[in-house]
Every structure is written in C-alpha cells, then in structure tokens.
Amino acid sequence: MIGYQAENHLFTLHTRSSSYQFMVDPSGYLLHTYYGPRVGGGSFAYRLRQADRGFSPNPNSEGHTRTFSLDTQPQEYPSSGVGDFRIPVLEVENADGSRAADLRYQSHVIRSGKYALPGLPAFFAQEEDAQTLEITLEDPVTGLRAVLYYGVIESRDMITRAVRIENAGDKPVALTRVMSLCLDLHQGDLDLITFDGRHTGERHPHRRRLAPGIQMVSSTRGATSHQHNNFIMLCAPDAGETHGWCLGAALVYSGNFEAAVERTQFDTARMTLGISPWQFRFTLAPGETFTAPEAVMIFSREGFSGMTHQFHRAIRDNLCRGEWAHRRRPVLLNTWEAAYFDFNSEKLLEIARCAAETGVELLVMDDGWFGTRNDDRGGLGDWFVNEQKLPGGLAPLVHAVNELGLDFGLWIEPEMVSEDSRLFAEHPDWALRIPGRPATRGRSQLVLDFSRTEVWQYVYAQIKKVLSSANITYVKWDMNRSLTDVLSAALPAERQGEVYHRFVLGVYAMLEQFRKDFPHILLEGCCGGGGRFDCGMLYYTPQIWASDNTDAMDRLLIQYGTSFCYPVSVAGSHVSAVPNEQTGRVTGLDTRAAVAMAGTFGYELDPRSLSVAERQQMRLEIDRFRHLYDLIQYGDYDRLTDPFAPGPFTAWQQTAPDGSAALVTVVTGMARSNDAFATVYPRNLLPDALYSVNGADAVRGDVLMYGGIPLPHVGGDYRAMQFELTRKG
Ligand code: DGJ
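(A) Molecular detail of the overall build of the protein chain. Helix and strand counts for the protein chain stand at 12 helices and 38 strands. Against the compact-globule benchmark of 27 Å for 729 residues, the protein chain has a radius of gyration of 27 Å, which places it among compact chains. For the protein chain, the C-alpha atoms occupy an extent of roughly 85 × 70 × 45 Å along the three principal directions. Considering only contacts in the protein chain between residues 6 or more positions apart, those separated by 24 or more positions represent 70%. As displayed, the protein chain has an accessible area near 26,300 Å², and 50% of this comes from carbon and sulfur atoms. One finds the centroid of the 68 positive side-chain charges in the protein chain at a distance of 1 Å from the centroid of its 87 negative side-chain charges.

Here you go:
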C-alpha cells in the first residue's frame, strides 16, 4: 500500500512486513526517513537532523542557513555537482560542459498495478496486488527530468525502483552515470554481503563490516559476470539465518553493473545499484529519454531466511514468465560432458535409448551440431545443421528420439561469431571490433554487435528456421566470453559509450521475440555456466545453468550462495560422471543426485558408460525426484548450515508452504575416525504437528526442531542422506 500525507508531503510504502518512507522538503528535495519493519503509521521525519557541518555546502535556496546540506541529508535520488560528495547517483554533462543536475520535486501520481519498463525486464504483479508511485523531479536550470518509479508488491515484501531520465530542455545532455537505486540508511555500522567468485566457482558469499568509505563490486565484462553477482545484502552486524534484520537488493539487468555502499563521515550508509558507469555515456537529444533498469529490495526482520523465502516466491511468481514458469520441468540429459563435439546421429540415438530406460525425459544436444563446429575454434554464427554429423537435418533425429519417448532440446550461442565461419566472411563488421586494432579473442571467438537490430534479427532468422524444422521443446542459450573491443560500426564516435547497454537491449529484444514465436519452448540461460545468472535473464529464461562446475562438493558452495536470492527452480544442476571433469573428485551417484536436487535436476553424462546397477540407481533417483518435485521446486528453502564454516556436514531443507511435508538433505565432508555424534536441526516445521521421518513413528514438529534428527554413521567421504518429513497429524 502506498500512502501520501499531503500536509507534510510524506510518502509511506507498506509491504506485508516492511515500511519505506520519505518526504519532500520545502525546497523540493526528497529526503529518506525510514526503511524497516512495518509500522502502523506515523512520520519518521523527526529522524532528519540538521547541523552546521564544516565543508558541507548549502543549497542556494536555503539562503544563508548553514544547517541544511545535501552532503549530510539522507536522500532518495540525490543531485550531483551541487554539494553532495557521497557516491553519486546521477551524473551528467550539460551542453555548456558543466556537470551538475539539481533535481527538485515537481509532481507525483499513485496508481494501482505495477509499472512495466519498455524493452527491459521487470517484476510484475496482478493489478490488484501491486501499486506504483511515480515522482517527477526537475532541474530548474536545464530542464532535465528524472521520473522515479516505485513499485510495491505487498505480499512479497518487495519494493521496486526504476528511473526514467528525460531531456526536457532544448540542448543535448550526456548521462555518464544513472543509478537505478539509492538507499540512504540512517546507520552505517552494518555488514555488507556480496556474492563473488570466478568461472566454475560462482556466487560464494563474502561478509564484511562496512569500513568508512566506498566498498563496491561491479562488472565491466558486458555481462553480469562469474566474478560478482548483482544481488547484494546489507544487514545488522548480529544478523544470521533466523534472526536480525537484513535487506537484499537485486538489479534486474544482465550487463555491466555497479553495486556500491559508502559508510559516511557521520556514520550513515548509502547504497547504490545500477548500470556500471565504466565506459558509459548516453547522449539524450532534446525530447529523448533513457530508462535505467529496475532494482528491487526486500527487507526482513527475521534474518536471511525470511528475505530468501520472499525473493524465491517473487522470482518464481512475479518474474519468471510463460508456461514453463510453473509447469513441471523435464528431467534432461545434456550431451556436453557425455560427448563434447564428438557425436553424430547414431551416437546420440544410442545415448537417447539408454537414457530413456532410466526415465530421462529430454535429450539436449549441446554445442557442435551446426556449421563446421567440430571444436571451439569455428562455426559460431552458422546456424544451419551440420549434415555430416546429422544426415537429413534435425527432423529425422528428433523424430527418432521422440519415438523413444524423449523430447529433444538444442544448444545455441546467438551473440557470438567465429572468425572461421560464413557469417564472419560475409559480415566482418558485425563483430565488435576496433578498426586498425587486432581483435581480442575469447574462447577463440568474437562477439556480435547486438546493439544493431539488423544483426540480432539476422541471427534470429537463421535460428528460427532451425527451430521450426523439428519438434524442439527446449533451448539452452549460451554466451561464452566477455565483451572487449567494444565499438559499434553503426554508431558515431560520440555515441560509443552507449554500446554496452544497447548490446543488452538487443539481447533482450531477441529473447522477447523468441518467447513470442516459441512460447512452448523451455529456455535455459547459460553463460559459461553462471556468468549471467541474474533477475534480468530470469524474465526470459525460467532456468539458468548455475555453473560449469558439476562437482557435487563444489556445487554445495555455489548452490549455497546462489540460494540467498535465487530459488531452486531457476538453478540448473546436473549429475555428471566421476572422476569429475572439473576437479577430478569421486563422489557417489546418490550424493551427486542429492546435490542436483537442490536445482532443476538433470544429467550430464553418457549413460552407456554406467553399469547396470548404476542405471537402476539412476532410475530410482529420477523417480524419487519426480515424487518430491513440488516440495523441491516450490518449498520454502532453508540453509541449515554454512558449508564455508568448519563442520562435519552441509544441510538444507525444503518445506511445503503449508507445513505438511519437508525434505532435509545432508551431505557429509571428509570422513573422520571415531567422530562425534552428528545431529541436523530442521526448521520451519509446525510445532504442534506430528511428522514421520522417512516412515518412522511420528514425532512433534517442535521436538524435531529443538532435539534434531540424529545422523546415522555412514562412513566414507561425501555421503548424502535425505530425510523426508511427512505430516501425520
Ligand atoms: C559452456 C556451457 O556452460 C557448457 O555447459 C556447454 O554448453 C559449453 N559452453 C558448450 O560450448
């Protein structure tokens, strides 16, 4: 609910359990007063304190009053170049070369329903479940306008933000920094948690106390990156999984980003989130507009798990779209680690035959089916079937696979081109390149200039032809390098600072076209695993391959970090062969299956290389996954342990929203001789209800939560156990 008190110009945004408040001060500045647990009403304006602070200047509109400074006031969307020296939110270059924008309140509207953003992903809600507040600010000198959007999705505890900048003046203006979100908190003694890593080791959480000054994570790679995720958290220093307050903020975007928090001189904190200003310069001619992507926030007073539950629900119900958002996803077998580039129809059919016997429902033909793609040096961009490998094209193969009772899926990497390809020979200027400078290769490939509509439309037309030629029900959309040599042959020199963002808009436009033309195809995102794992992509692809690392023990760490924001239903996770391709580690098939069940669950191995007993086990595990599907995919997810902390095991839990069932999964580490008794403590059960654990006599929920489940001594390294809790009364 969005409330407005005209007499003191106060806006209060209420979600189910949080409130967010700010006011318009007499000079037209938007001052932030509160973000925290939901309150019944009232004003927090008394928190805005003023003092004459040395070296903090005063706006001219204050006359000679020295106690009001933009440098010290908590603000919603701060002006720049006119007296606020904290991390800037908006930076401009005006036609006269000045770098100032002084934004003052003009007007506002409150309406039902949640705003949408043209060409950009955004959370959505039914008209009656959300409200929008739109506030227009204007610089009285240049006429530059900022329209701030606030969305409230009450039941999800979610507050969303976006900004549209309009050049309402009569001269061009260049935007050099446009953050989507600014949050000025009244306290600075906080912890910041970011999710960082590398290729095959994504989204490991890092928690640190805010130090004075700016701390920041960002991506300048053209995609969200393996190195830092665009979801971050702030929390009270004593907050943990089940206690203390925290807030999470995510950018609904898939390109360069910056997330920064500054602990200020007066011990307040400013958090900003938006497109990275690195190499960003967007020129607006008079009348033109620029829309910054959406950023969303969830506040929880019940620790991290409260925030996680709400993010998971919101991503599943208010971000993922299309029929696959809520439809049961097939158990797939992907050929990448089974065959790499070395396959033909015959081999694929043998794999499919064997997979069908184990209960697999979908065969995914990964990289290597098109053009002259026999290794990763050539062929990208040539989206026609390699008939030497697949005689007669896709149709006969897909038909034969369908006859075996399996659906068929396909890998593509639309944004890329190999120099050794027909596409590159015909359109060398379609790749991002700097004339006169040798091209920088990544995985031996170049990046296509998707900022140009004709480029993505051409690629899309080829892919569309292939997809229309056979019964394809799944597509994996990959992207296997970072952007370099970023120069578009189609834009003048002064507009090259727009290419990174226009590239992302091109990707989104093609994804949207894809969704319209192929609504029945399940799209899975991928970027060398989890290099573009973000809320932006999830608007188009309801699942994303979480990492190229399929090792069960490493996956525990990746999936732990991923789970803070992203639900199980969006995290692609597969059982692969051992010794594992990435780490050389050997783990049991049951352990690999239990870990993959904290994601979308599938296989990435050659079933022909498994023993008969292993194939039987595979069948049992697939059946088990099917039986537990709703609980796993739609249950509330709780992290019961921190796998980065020392301890004998890692555990997590999925609980049916009505408390009727729960699944507790435990994976042990290295075995230790004569070890202590271990116990796992479930959470989130109904205290008075009776639960049977794996079919044993029923026990009260509170007894299980406080007394725990004793773990049997299983012996050996990396052992998995699953405890199915079923309500009996
Ligand atoms: C990177 C992906 O993450 C892998 O799963 C696989 O699809 C390869 N690319 C294929 O080139």
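(B) Structural detail: the site of the ligand. Near the ligand, the surroundings consist of 13 residues, among which Asp 366, Asp 367, Lys 476, Asp 478 and Asp 548 are the closest. Between the ligand and the protein, one listed contact pairs a nitrogen atom with a side-chain N or O atom of Asn 480 at 3.4 Å. Coverage of the ligand by the protein chains reaches 98% of its 290 Å² of free accessible surface. Its residues placed into classes, the shell around the ligand shows 4 nonpolar, 3 polar and 6 charged.

(C) Broad picture of the sheet that holds strand E32 (residues 649-655). Strand order in the open sheet formed by 6 strands is E31-E32-E33-E38-E35-E36, and the pairing between neighbours is antiparallel. What marks the edges here is a single partner per strand, and that holds for strand E31 (636-639) and strand E36 (699-700). Relative to strand E33 (residues 661-668), E32 is paired through 7 bridges, and the arrangement is antiparallel. Bridge pairing links Thr 655 to Ala 662 in E33. In this fold helix H9 (residues 552-562) packs onto E31, E32 and E33, with an angle of close to 130 degrees to the strand it touches most, E33. Across the sheet, helix H11 (residues 612-634) touches E31, E32, E33 and strand E38 (720-727), and the angle it forms with E33 is around 100 degrees.

(D) Spatial organisation of the environment of Gly 41. Within the element layout of this structure, Gly 41 appears in the loop between strand E4 (30-37) and strand E5 (90-93). Judged by its relative accessible area of 46%, Gly 41 falls in the partly exposed class. Residues Gly 41 and His 14, 27 residues apart in the sequence, show an inter-C-alpha distance of 9.5 Å.

(E) Main features of the state of the cysteines. In total, this model carries 0 disulfides according to the counting rule given. Cysteine Cys 526 shares no disulfide, and the gap to the nearest cysteine sulfur, in Cys 527, comes to 7.1 Å. Among the residues examined, Cys 526 registers a relative accessible area of 4% and is labelled buried. Among the cysteines around Cys 565, which has no disulfide bond, Cys 535 carries the closest sulfur, lying 4.6 Å off. Using a relative accessible area of 0% as the deciding quantity, one classes Cys 565 as buried.

(F) Geometry of helix H10 (residues 589-596). Counting buried positions along H10 gives 7 out of 8 residues, so the element sits mostly inside the fold. For H10, the full list of buried residues reads Leu 589, Thr 591, Arg 592, Ala 593, Ala 594, Val 595 and Ala 596. In this structure, the buried side of H10 is in contact with H9, strand E29 (574-576), H11, E32, E33 and E38.

(G) Molecular detail of the pairing of E31. Residues of E31 alternate between two faces, with Asp 636 and Asp 638 on one and Tyr 637 and Arg 639 on the opposite face, all of them buried. In this structure, E31 lies alongside E32, joined through 4 bridges in antiparallel fashion. Looking at E32, one finds that Tyr 637 is bridged to Gln 654.

(H) Quick look at the nonpolar core. In this structure, Ile 315, Trp 369 and Leu 394 are the most contacted members of the largest nonpolar core, which totals 201 residues. Look past the residues within four positions of Leu 394 in its chain and what remains in contact with it is Met 365, Val 385, Phe 408, Leu 410, Val 466, Ser 469, Ala 470 and Ile 472. Of all hydrophobic cores here, the second largest spans 18 residues; its members include Phe 649, Ala 662, Ala 689 and Tyr 691.

(I) Seen up close, the side chain of Thr 473. Relative to the helices and strands, Thr 473 is located in the loop between helix H6 (453-468) and strand E25 (474-477). Sequence-distant contacts of Thr 473, that is, excluding residues within four places in its chain, are made with Leu 362, Asp 407, Phe 408, His 520, Ile 521 and Leu 522.

(J) View of the pairing of E38. Among the 8 residues that make up E38, 6 are buried, leaving the element largely enclosed by the rest of the structure. Inspection of the sheet shows E33 paired to E38 by 7 bridges, in the antiparallel sense. Residue pairing across strands places Ala 662 opposite Leu 725, the latter belonging to E38. Relative to E38, strand E35 (residues 690-693) runs antiparallel, the two sharing 3 bridges. Each bridged residue has a counterpart across the sheet, and for Val 693 the counterpart in E38 is Leu 725.

(K) Structural detail: H11. Compared with an ideal rise of 1.5 Å per residue, which puts 23 residues at 33 Å, H11 spans 33 Å between its outermost C-alpha atoms and is within 8% of the ideal. Approximately 65 degrees is the largest bend angle found in H11, and it occurs at Leu 628. If you check which residues of H11 are buried, you get Met 618, Glu 621, Ile 622, Phe 625, Leu 628, Tyr 629, Leu 631, Ile 632 and Gln 633.

(L) Structural detail: the pattern of salt bridges. As enumerated under the stated definition, the model contains 52 salt bridges in all. A salt bridge links Arg 209 to Asp 189; the nearest nitrogen and oxygen atoms lie 3.7 Å apart. Here Arg 209, found in strand E12 (residues 201-209), pairs with Asp 189, found in the loop between strand E10 (173-185) and strand E11 (191-198); they are 20 residues apart in sequence, far enough to count as distant. For Arg 209, a relative accessible area of 43% corresponds to the partly exposed category. Assessed through its relative accessible area of 36%, Asp 189 is described here as partly exposed. The salt bridge involving Arg 209 is made with Asp 191; its shortest N-O contact spans 2.6 Å.

(M) The arrangement of the packing of H9 against H10 in detail. Closest axis-to-axis distance for the H9/H10 pair is 10 Å, and the angle between their directions is 15 degrees. Classified by the interaxial angle, the pair formed by H9 and H10 is roughly parallel. Of the two possible hands of crossing, H9 and H10 adopt the one that is left-handed. Packed against H9, whose contacting residues are Ala 552, Arg 555, Leu 556 and Gln 559, the element H10 presents Thr 591, Arg 592 and Val 595 at the interface.

(N) Seen up close, the environment of Val 447. If you trace the backbone, Val 447 turns up in strand E24 (residues 446-447). The exposure class assigned to Val 447 is buried, which follows from its relative accessible area of 2%. Placed 37 residues apart in sequence, Val 447 and Thr 484 show a C-alpha to C-alpha distance of 8.1 Å. Setting aside anything within four residues of it in sequence, one finds Val 447 in contact with Glu 415, Met 416, Trp 430, Ala 431, Leu 432, Arg 481, Ser 482, Leu 483 and Phe 503.

About the cut-offs
- Residues numbered from 1 in each chain as written.
- Predicted model: local features only at pLDDT ≥ 70, side-chain atom pairs only at ≥ 80, totals over all residues.
- Heavy atoms only, no water.
- Helix = DSSP H or I, 4+ residues; strand = E, 2+ residues; numbered from the N terminus.
- Rg over C-alpha atoms; globule rule 2.2 N^0.38 Å.
- Contact = heavy atoms within 4.5 Å.
- Areas by Shrake-Rupley, 256 points an atom, 1.4 Å probe, with all protein chains shown as cover.
- Lys, Arg positive; Asp, Glu negative; His and termini not counted.
- Charge placed at Lys NZ, Arg CZ, Asp CG, Glu CD.
- Near = heavy atom within 4 Å.
- Polar contact = N/O pair within 3.5 Å; in protein donor to acceptor, adjacent residues only side chain to side chain.
- Nonpolar A, V, L, I, M, F, W, Y, C, P; charged D, E, K, R; others polar.
- Pairing = 2+ DSSP bridges.
- Axes fitted to C-alpha atoms, helices over the stretch in contact; angles between N-to-C directions.
- Buried < 20%, exposed > 50% of the residue type's maximum accessible area, 1.4 Å probe, protein only.
- Disulfide = S-S within 2.5 Å.
- Core = buried A, V, L, I, M, F, W, Y, C linked by side-chain atoms within 4.5 Å.
- Expected span 1.5 Å × (residues − 1).
- Bend = angle between axes of the 7 residues up to and from the residue.
- Salt bridge = Lys/Arg side-chain N within 4 Å of Asp/Glu carboxyl O.
- Parallel < 35°, antiparallel > 145°, perpendicular 65-115°, else oblique.
- Left-handed = near helix turned anticlockwise from the far one by under 90°.

Functional significance is not addressed by these values, which are geometric in nature.
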